[in-house]
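Observations on the model geometry
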Amino acid sequence: MELAERIRKSREFDLFERMAEHEQVVFCNDPATGLRAIIAIHSTTLGPALGGCRMQPYNSIDEALEDALRLSRGMSYKCAAADVDFGGGKAVIIGDPNTDKTPELFRAFGQFVNSLGGRFFTGTDMGTSMDDFIHSMKETNCIVGLPAAYGGGGDSSIPTAAGVLYGLKATNQILFGTDDLGGVTYAIQGLGKVGFKVASGLLEEGAELYVTDISQESLRAIEAKAATSAGTVKIVASEDIYSQQADIFVPCALGGIINDFTIDQFKVKAIAGSANNQLLDESHGRKLQQRGILYAPDYIINSGGLIQVADELYGINQERVLAKTKHIYDAILEVYKMSELSGISTMESANKMCEKRIENKGKRNDFYTSSVKPKWSFRHQ
Ligand SMILES: NC(=O)C1=CN([C@@H]2O[C@H](COP(=O)(O)OP(=O)(O)OC[C@H]3O[C@@H](n4cnc5c(N)ncnc54)[C@H](O)[C@@H]3O)[C@@H](O)[C@H]2O)C=CC1
Ligand SMILES: O=C(O)CCC(=O)C(=O)O
């Protein structure tokens, strides 16, 4: 029996089966600082792996690993969709972002990132902020999305939120024949770095919002914002956000929130938000299609942050970032149209497009020319 076949048949190698699509998974353990993290590299076909680092009080190693595997896979598709020279990776730190952060923990994390020798670049995600990575960057230059004062492109949640607003305009174009964001009702889950900016942008345009967050501070802040805006806001309980009588559900917190339990609760016409991995699995994309709910593939509508951090490789240029982020409007319209023409779901349409791009790049003969400086070398000077 072939080695690969023998391994596949042995239950003791289940972990390798789970990461069958992934190139590498690194478990990072630093007892001195309490760091326990997982870095997952899905694919480096398009370039070094890139993906933010999430911090969350996961209930088990299993849950943390699953998140890292799913998120890093999503990054491969996101990089292909945004046409940037990066592959898919992601990191998760096990811990409570409100109580467990220390400078030493993020320095230890930076050391592990550095040990990958440029195969993995990272920055902020759910539960982490630019300030955390100021500590990590002391150990590695594979950190993106740092403040401008540290040579980075700044807060990547700004272009992410801008991209979501462009995606919502495209969605309104299909639903109502207009790009206007005002006069429409949205149910927003999560008012963090991205969700708060999206909600604020919608309020300024006169939208009617239903919002939820587990942070009372964020809820008070959005009420204060609404008091000085053209729009209105109503706070709803976490479990009620899926069943709001709104036009569009805008998930900006957790993944897996489109599942068998929530799908029957939706009364919306469309779902379009920043959260990564919104569909529990691909079948839920088809179920949304059957229910006539338009779905904006998450890794396209939320690619503004990636566009900005990828731009750092060329020396950040905000005009270029904005122009590329605007393109999210066309990209979302394109996938809605592809799905309509082919009859397959919007997510399947987007996946097919990205898989083709990755396959084509994999086929290309990247031949070596000794006179040209390696593309990434300036990051290691
Ligand atoms: N920051 C970025 O540029 C990007 C973020 N994303 C994704 O967007 C989502 C949000 O990211 P960030 O805003 O950066 O994270 P964040 O950590 O700043 O905000 C998340 C918010 O969700 C809230 N939340 C957590 N659990 C909740 C629940 N059960 N119900 C309601 N609210 C809940 C938190 O209290 C927090 O306010 C994540 O899925 C992230 O992976 C995707 C692309 C880029
Ligand atoms: O925003 C970042 O720092 C990297 C991009 C990313 O992780 C994401 O788009 O999910």
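What counts, and at which threshold
- Residues numbered from 1 in each chain as written.
- Chains lettered and ligands numbered in written order.
- Predicted model: local features only at pLDDT ≥ 70, side-chain atom pairs only at ≥ 80, totals over all residues.
- Heavy atoms only, no water.
- Near = heavy atom within 4 Å.
- Polar contact = N/O pair within 3.5 Å; in protein donor to acceptor, adjacent residues only side chain to side chain.
- Areas by Shrake-Rupley, 256 points an atom, 1.4 Å probe, with all protein chains shown as cover.
- Helix = DSSP H or I, 4+ residues; strand = E, 2+ residues; numbered from the N terminus.
- Nonpolar A, V, L, I, M, F, W, Y, C, P; charged D, E, K, R; others polar.
- Salt bridge = Lys/Arg side-chain N within 4 Å of Asp/Glu carboxyl O.
- Buried < 20%, exposed > 50% of the residue type's maximum accessible area, 1.4 Å probe, protein only.
- Pairing = 2+ DSSP bridges.
- Phe/Tyr/Trp six-rings, centres within 6.5 Å; stacked < 30°, edge-to-face > 60°.
- Patch = residues over 30% accessible without salt bridge, like charges linked within 9 Å, V, L, I, M, F, W, Y side chains within 5 Å.
- Core = buried A, V, L, I, M, F, W, Y, C linked by side-chain atoms within 4.5 Å.
- Contact = heavy atoms within 4.5 Å.
- Expected span 1.5 Å × (residues − 1).
- Bend = angle between axes of the 7 residues up to and from the residue.

Remarks on the site of ligand 1
As a structural note, the neighbourhood of ligand 1 is formed by 24 residues, with T160, V194, D213, A253 and N276 the closest of them. Backbone polar atom of V194 to an oxygen atom of ligand 1: 2.9 Å apart, as the coordinates give it. One nitrogen or oxygen atom from the main chain of A253 is found 2.7 Å from an oxygen atom belonging to ligand 1. Across the complex, the protein chains shield 87% of the 830 Å² of accessible surface that ligand 1 would expose by itself. Put simply, the parts of the chain that give the shell around ligand 1 at least two residues each are α6 (157–176) and α7 (193–204). Tallied by class, the residues present in the shell around ligand 1 amount to eight nonpolar, eleven polar and five charged.

A few points about the pattern of salt bridges
Charged atoms that come close allow side chains of opposite charge to pair. This structure, assessed with the given rule, holds 17 salt bridges. For E66, the salt bridge identified is with R18, shortest N-O distance 2.8 Å. One end of the pair, E66, is in helix α3 (residues 61–82); the other, R18, is in helix α2 (residues 14–18), with 48 residues separating them in the sequence. D247 is the partner of K269 in a salt bridge, and the nearest nitrogen-oxygen pair spans 2.8 Å. One end of the pair, K269, is in the loop between α9 (260–263) and β11 (270–271); the other, D247, is in the loop between β9 (232–235) and β10 (248–251), with 22 residues separating them in the sequence. You can call K269 partly exposed: its relative accessible area is 38%. The network of salt bridges with shared partners includes R54, D67, K90 and D125.

Some thoughts on unusual backbone geometry
Even without being a glycine, D83 presents a positive backbone phi close to 60°. Classification of D83 by relative accessible area gives exposed; the value is 60%.

Considerations on the sheet that holds β9
One open sheet accounts for six strands, arranged β9-β8-β7-β10-β11-β12; its pairing is parallel. The open sheet has two edge strands with one neighbour each: β9 and β12 (294–295). Bridge count between β11 and β12: two bridges; the pairing is parallel. Bridge pairing in β12 places A270 opposite L294.

Re the packing of aromatic side chains
The geometry of two aromatic rings is summed up by the distance between their centres and the angle between their planes. Applying the stated rule across the entire model yields seven aromatic pairs. Relative to F266, the ring of Y242 has its centre 6.0 Å away and its plane inclined at 80°; by these criteria the two rings are edge-to-face. Of this pair, Y242 sits in the loop between β9 and β10 while F266 sits in the loop between α9 and β11, placing them 24 residues apart in sequence. Assigned by exposure class, Y242 and F266 land together as buried. Ring pairs connect the aromatic residues F106, F109 and F133, which therefore count as one cluster.

Thoughts on the site of ligand 2
Close to ligand 2 lie G51, G52, M75, K78, K90, T124, D125, S156, N276 and V309. Measuring from an oxygen atom of ligand 2, one finds a side-chain N or O atom of K90 at 2.6 Å. Between an oxygen atom of ligand 2 and a side-chain N or O atom of S156, the distance comes to 3.2 Å. Contact with the protein chains covers 93% of the free accessible surface of ligand 2, which is 290 Å². Class assignment for the residues of the shell around ligand 2 results in two nonpolar, five polar and three charged.

Re a nonpolar patch on the surface
On the surface, a nonpolar cluster with roughly 280 Å² of combined accessible area is contributed by L15, F27 and I61. If you trace the backbone, F27 turns up in strand β1 (residues 24–30).

Comments concerning the nonpolar core
Grouped burial of nonpolar side chains is what soluble globular proteins tend to show. Core analysis: the biggest nonpolar cluster contains 100 residues, and I39, F109, L168, Y186, L202 and F266 have the highest contact counts within it. Ranked by residue count, the leading element in this core is helix α13 (residues 318–342), at eight residues. Excluding residues that lie within four positions of it along the chain, L202 makes contacts with L165, L168, L181, Y186, I188, A207 and L209. V25, I38, Y58 and L69 belong to the second-largest nonpolar core, a separate cluster that totals ten residues.

A word on α13
The end-to-end C-alpha separation of α13 is 36 Å, in line with the 36 Å expected for 25 residues at 1.5 Å each. When the local axis directions of α13 are compared, the greatest deviation, roughly 25°, occurs at Y329. Of all the residues in α13, the buried ones are V321, T325, I328, Y329, A331, I332, L333, V335, Y336 and S339. Looking at the buried positions of α13, the neighbouring elements they touch are α6, α10 (282–290), β12, α11 (298–301), α12 (304–311) and α14 (346–363). The distance from a side-chain oxygen at the start of α13 to the backbone nitrogen of E319 is 3.0 Å, and the residue carrying that oxygen is N317. Just downstream of α13, G343 is the residue with a positive phi angle, here 85°.

Don't take any of this as a statement about function, it's just geometry.
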